[in-house]
Amino acid sequence: MPVLLSIWNLSIRKAVMIMEFLSNSPEDTEDIGRILGSIAQRGYIVCLEGELGAGKTQFAKGFAKGLGINEHITSPTFTIINEYNGRIPLYHFDAYRINDVEEMYEIGCDEYFFGEGVCLIEWANLIEDIIPKENIKISISKDMEQGVYFRKITLETSGEKYEPVCRKIIEKWDIA
Amino acid sequence: MTKVLALDTSSAVASVAVVDNTKILGEITYNYKRQHSTILIPMIDRILSFLDITVKDVDCIACSSGPGSFTGLRIGAATAKGLCHGADKPLIGIPTLDSLAFNMAYANGIICPIIDALRGNVYTAVYRWEKDWLKKQEDYMAISLEDLMAKLKLYDEDVILLGDGIFAYREKIVEMLGSRAKFAPVSMNMGRASSIAALAIKRYEKGSFDDYMSFVPFYLRKPQAEREYDKAHRGLV
Ligand SMILES: Nc1ncnc2c1ncn2[C@@H]1O[C@H](COP(=O)(O)OP(=O)(O)O)[C@@H](O)[C@H]1O
Ligand SMILES: [Mg+2]
């Protein structure tokens, strides 16, 4: 089972909430993704950050399941974007191979960012300039001293639209 | 007699028509979800079979050449190119904004099609009907709605607005132009393949075609200032 470590509400100035989780296996990471996927709404932007092999795609697999998608999910490293149809459409991006944000404009990224589905963006930090500033950021980090399966996962929501997210996660957490 | 099969998938609308010089033989238009990649081919198939013809029986294939939805334009262009290649027919690309303005044939005043380019921007051009032809007053551009309104204020006459931008920006437009803003009726306010077809027939009869092998839709660039603004807003500059 993943561990819910802490919750911070930094909404004094702007609506920012932070949750921290510990994951001890790929399945734990998927579980956290699945919970977020199950509460995701149209227009949500979820940014995934963390080094190669951190578990971004692992998280995405769970997220897709949470949206009711049963297809096999892989990193769209070469295609940049994959579309899936779940409860709502999922637009799964991988910005690893993007050299210039202009390339993102060329694939029509705004149509997805402001579209009818949820955007899940691996390596979002590489294209930070063009991502709507209100979003959910998931940062996954390893700590080898804690073991090869250890991951710390931080979720940060910015913007009023995402205010219910943390509360809903806790509700789902209690049921799980 | 010229007969054309036209496609328009440049916006949320997916539209297919078969048109000749005198009439629309058939037209199917859906504005429901963005599902162009799954419905376009069945729509073409259906219209051809109801008309008892095949792609071989038309003189050319027409599609929207942009600007508009990147994904939509690519689906339309790829489909049109494939049909041209398979049936050995010429391709004619028609600018989306021209075809929208053409919906308002012989109207008085300025005609301003606006396509929502997101983040407060529009793809637009300004037209006036002169004698028997649409005359562009301002070339195709991607600009902020505010800048467009400033341009339109300089014209001292009614402005007919149409295109999907009128849904996103209607209130702001009325605020800026007041009663001079006239909105096209629902039957005319979105792209229609028959408008693409009508313009394509004119080009066909002049012998003006695009090369289907090298044809690509044009995507207008967004104003740089707007991107800088975004950056500044995020505290990056
Ligand atoms: N706790 C964990 N969470 C996620 N992945 C883990 C974990 N422990 C080990 N792994 C392994 O790390 C790898 C993560 O790969 P992947 O999700 O493709 O990374 P990324 O997409 O971030 O490059 C997988 O091989 C997975 O089995
Ligand atoms: Mg990956």
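Residues numbered from 1 in each chain as written. Chains lettered and ligands numbered in written order. Predicted model: local features only at pLDDT ≥ 70, side-chain atom pairs only at ≥ 80, totals over all residues. Heavy atoms only, no water.

### Focus: the site of ligand 1
Residues and elements named next belong to chain A.
Right, so step 1: In the vicinity of ligand 1 lie 16 residues, with T29, G53, K56, T57 and Y149 positioned nearest.
Right, so step 2: Contact distances for ligand 1 include 3.0 Å between a nitrogen atom and a side-chain N or O atom of S23.
Right, so step 3: Between ligand 1 and T29 there is a distance of 2.6 Å, counted from a nitrogen atom to a side-chain nitrogen or oxygen.
Right, so step 4: In the complex, 75% of the free accessible area of ligand 1, which totals 570 Å², lies under the protein chains.
Right, so step 5: In terms of residues, the shell around ligand 1 owes the most to one element, helix α2 (residues 56-66), which gives three residues. (Near = heavy atom within 4 Å. Polar contact = N/O pair within 3.5 Å; in protein donor to acceptor, adjacent residues only side chain to side chain. Areas by Shrake-Rupley, 256 points an atom, 1.4 Å probe, with all protein chains shown as cover. Helix = DSSP H or I, 4+ residues; strand = E, 2+ residues; numbered from the N terminus.)

### A few points about the environment of B:W133
All names here are of chain B.
Right, so step 1: Within the secondary structure, W133 is located in strand β8 (residues 133-144).
Right, so step 2: Classification of W133 by relative accessible area gives partly exposed; the value is 42%.
Right, so step 3: Taking C-alpha positions, W133 is 8.4 Å from Y106, a pair spaced 27 residues apart along the chain. (Buried < 20%, exposed > 50% of the residue type's maximum accessible area, 1.4 Å probe, protein only.)

### Brief notes about the domain arrangement of chain B
Residue and element names in this part refer to chain B.
Right, so step 1: Under the domain assignment used here, chain B contains domain 1 (3-96 + 191-229) and domain 2 (104-189).
Right, so step 2: Placing a centre on the C-alpha atoms of domain 1 and another on those of domain 2 gives a separation of 23 Å.
Right, so step 3: Across the boundary between the two partners, domain 1 contributes 15 residues, which contact 14 residues of domain 2.
Right, so step 4: Interface area for domain 1 against domain 2, summed over the two sides, is near 1,200 Å², with a carbon-plus-sulfur share of 67%.
Right, so step 5: Inspection of the domain 1/domain 2 interface yields zero salt bridges.
Right, so step 6: Its residues assigned to classes, the side of domain 1 that touches domain 2 shows seven nonpolar, three polar and five charged. (Domains from an automatic or database assignment. Contact = heavy atoms within 4.5 Å. Buried area = accessible area lost by both parts, 1.4 Å probe. Salt bridge = Lys/Arg side-chain N within 4 Å of Asp/Glu carboxyl O. Nonpolar A, V, L, I, M, F, W, Y, C, P; charged D, E, K, R; others polar.)

### Some remarks on the coordination of the magnesium ion (ligand 2)
Think of it this way: four donors in a tetrahedron around the metal ideally sit 109.5 degrees apart, and six in an octahedron ideally sit 90 or 180 degrees apart.
Right, so step 1: Protein ligation of the magnesium ion (ligand 2) involves A:T57 (OG1), A:S75 (OG) and A:E122 (OE), the donor distances falling in the range 2.2 to 2.4 Å.
Right, so step 2: Residue A:S75 is classed as partly exposed on the basis of its relative accessible area, which comes to 27%. (Donors = N, O, S within 2.8 Å, 3.2 Å for Na, K, Ca; no water.)

### Notes on the side chain of A:R151
Residue and element names in this part refer to chain A.
Right, so step 1: Examined against the element boundaries, R151 turns out to sit in strand β8 (residues 151-158).
Right, so step 2: Of the polar contacts made by the side chain of R151, one reaches the backbone oxygen of A54; its length is 2.6 Å.
Right, so step 3: Among the polar contacts listed, one links the side chain of R151 to the backbone oxygen of V148, at a separation of 2.9 Å.
Right, so step 4: Not counting chain neighbours up to four residues away, the residues in contact with R151 comprise F21, L22, S23, G53, A54, I140, S141 and K142.

### Side note on the interface of chain A and chain B
Right, so step 1: Facing the 16 residues of chain A at the interface are 14 residues of chain B.
Right, so step 2: For the pair chain A and chain B, the summed buried area comes to about 1,400 Å², and 44% of that belongs to carbon and sulfur atoms.
Right, so step 3: On the chain A side of the contact with chain B, A:Y105, A:E111 and A:D129 bury the most area, a combined 40% of that side's loss.
Right, so step 4: Run the count over chain A and chain B and you get one salt bridge.
Right, so step 5: The salt bridge partner of A:D110 is B:R119, with a shortest N-O separation of 2.7 Å.
Right, so step 6: Applying the counting rule to chain A against chain B returns seven residue pairs in polar contact (both at pLDDT 80 or more).
Right, so step 7: Residue assignment for the side of chain A that touches chain B shows that the elements contributing at least two residues are α3 (101-106) and α4 (109-113) of chain A.
Right, so step 8: It is α4(A) that contributes the most residues to the side of chain A that touches chain B, four residues altogether.
Right, so step 9: Along the lines of polarity and charge, the residues of the side of chain A that touches chain B split into eight nonpolar, one polar and seven charged.

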